[in-house]
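One-letter residues, chain by chain:
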Amino acid sequence: MPIATPEVYAEMLDRAKAGKFAYPAINVTSSQTLNAALRGFAEAESDGIIQISTGGAEFLGGQYNKDMVTGAVALAEYAHIIAEKYDVTVALHTDHCPKGKLDGYVRPLLDISAERVKAGRNPLFQSHMWDGSAETLADNLAIGQELLAKAAAAKIILEVEITPTGGEEDGVSHEINDELYTTVDDAIRTAEALGLGEKGRYLLAASFGNVHGVYKPGNVVLRPELLKGLQEGVGAKYGKTAGSQPFDFVFHGGSGSTEQEIATALENGVVKMNLDTDTQYAFTRPVADHMFRHYDGVLKVDGEVGVKSQYDPRTWGKSAEAGMAKRVSEACANLRSTGTKLK
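Residues numbered from 1 in each chain as written. Predicted model: local features only at pLDDT ≥ 70, side-chain atom pairs only at ≥ 80, totals over all residues. Heavy atoms only, no water.

### Description of the overall build of the chain
Item 1. Of the regular secondary structure elements, the chain holds 13 helices and 10 strands.
Item 2. The buried share of the chain, reckoned over its 343 residues, is 55%.
Item 3. Pairs at least 24 apart in sequence give 74% of the contacts found in the chain among residues at least 6 apart.
Item 4. On the chain, roughly 15,000 Å² of surface is accessible, and the fraction owed to carbon and sulfur atoms is 52%. (Helix = DSSP H or I, 4+ residues; strand = E, 2+ residues; numbered from the N terminus. Buried < 20%, exposed > 50% of the residue type's maximum accessible area, 1.4 Å probe, protein only. Contact = heavy atoms within 4.5 Å. Areas by Shrake-Rupley, 256 points an atom, 1.4 Å probe, with all protein chains shown as cover.)

Quick look at the structure:
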């Protein structure tokens, strides 16, 4: 069962929360990066999450028409086949989708999975993200209610981002400032609108200074301890027992985080951490190395014919896969998911 069923995905998240570990959620943009992510999980003996952003889906759809739904569906179908050869379980997820792209991405994908479920099959994706961080919290949660109902009907988990993550990803950008911290009031309003599981399960991307991309030390101030206050504030309002954690948190903008910051986040309910920038570099770095070392071979310089074996995409592509797989395995170690795969 390499692609998780809805029941297995829920079990994965429950195990992560109980065990104080999280799954790396790896953005992919091709069959090569998909295989690299799967290989990294398998080598770490960790289950994980594969995700496709709107920009990644557009790229996958081809530059002729740049259709996001086609790109996402094509890679998801490919993943359902190719993942059978890996001895780990993965969930398929779509990353950041702002309001203006919902009709061209998440809503059609939800409809596709709803039809699959109606026919007695499992959904194509196991979770989808609604990024309403650019909207008012009221509008964000209103759309979240609509999407959560549709997701629950299709046996899909929704991820919501209620306050901004700094930096830029796929055209969604926010300044790095004091607004990058979710308040207890924000969390309570989220629970009031979306419930605590009774309306459908969701993952919550709260902000504790997170920033997409990589910045030099001092530019970003992460406060993962803030998540504890959100859990306790909502727990107190809803009569949860002391120490309970109502939310399943997602750690966005995790590239370059310290081990201590990650550990604190895990202790406070983070079950999923997104990686894109670091894995992009890990994939590209071996390619750049190959091109520089074999400059005369990959280019037909001064009328020469080059060296076919050196510009063959399979040659440098294997190195790229290995580089990214290694970084994925490192992420599993950092997030304590190594060796936790479902038996």
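### Considering helix 1 (residues 6-19)
Item 1. Along its 14 residues, helix 1 runs 20 Å from first to last C-alpha, staying within 8% of the 20 Å computed at 1.5 Å per residue.
Item 2. Every buried residue of helix 1 is listed here: Pro6, Val8, Tyr9, Met12, Leu13, Ala16 and Lys17.
Item 3. Of the residues one or two after helix 1, Lys20 is the one with positive phi, at around 60°. (Expected span 1.5 Å × (residues − 1).)

### Quick notes on the pairing of strand 2 (residues 48-52)
Side chains on a regular strand alternate between the two faces of the sheet.
Item 1. Extensive coverage of strand 2 is indicated by the burial of five of its five residues.
Item 2. Burial of the side chains of strand 2 extends over both faces: Gly48, Ile50 and Ile52 are buried on one face and Ile49 and Gln51 on the other.
Item 3. Pairing of strand 1 (residues 23-27) with strand 2, which is carried by three bridges, proceeds in the parallel orientation. Note that in strand 2 the partner of Asn27 across the bridge is Gln51.
Item 4. For the handedness criterion, the β-α-β arrangement of strand 1, helix 2 (residues 31-44) and strand 2 is classed as right-handed.
Item 5. Looking at chain direction, strand 2 and strand 3 (residues 90-94) are connected through five bridges and run parallel. Opposite Ile52, over in strand 3, you have Thr94 as the bridge partner. (Pairing = 2+ DSSP bridges. Right-handed = clockwise from strand over helix to strand, strands pointing away.)

### Digging into the pattern of salt bridges
Item 1. According to the stated counting rule, one finds 16 salt bridges in the structure shown.
Item 2. Taking the shortest distance from any N to any O, the salt bridge between Asp103 and Arg107 comes out at 2.7 Å.
Item 3. Asp103 gets classed as exposed once you look at its relative accessible area, which sits at 59%.
Item 4. Residues Glu159 and Lys272 are paired through a salt bridge, measuring 2.9 Å at the closest nitrogen-oxygen approach. In this pair, Glu159 is assigned in strand 5 (residues 157-161) and Lys272 in strand 10 (residues 270-275), connecting sequence segments 113 residues apart. Across the pair, exposure class does not vary: Glu159 and Lys272 are buried alike.
Item 5. Put simply, Asp14, Lys17, Arg201 and Asp248 are held in one network by salt bridges that share partners. (Salt bridge = Lys/Arg side-chain N within 4 Å of Asp/Glu carboxyl O.)

### What to know about helix 5 (residues 106-118)
Residues spaced three or four apart along an α-helix face the same direction, because each turn holds 3.6 residues.
Item 1. With 13 residues, helix 5 extends 18 Å from end C-alpha to end C-alpha; this agrees with the ideal 18 Å at 1.5 Å per step.
Item 2. Taken as a whole, helix 5 has its buried residues at Val106, Leu109, Leu110, Ser113, Arg116 and Val117. Taken end-on, helix 5 shows its buried residues confined to a sector of 120°, consistent with a single buried face. Helix 5 presents Glu115 and Lys118 as exposed residues on the side facing more than 90 degrees away from its buried surface.
Item 3. Lining the buried residues of helix 5 we find helix 4 (68-82), strand 3, strand 4 (127-131) and helix 6 (137-153).
Item 4. Gly120 sits one or two residues past helix 5 and shows a positive phi near 90°. (Arc of directions from axis to C-beta.)

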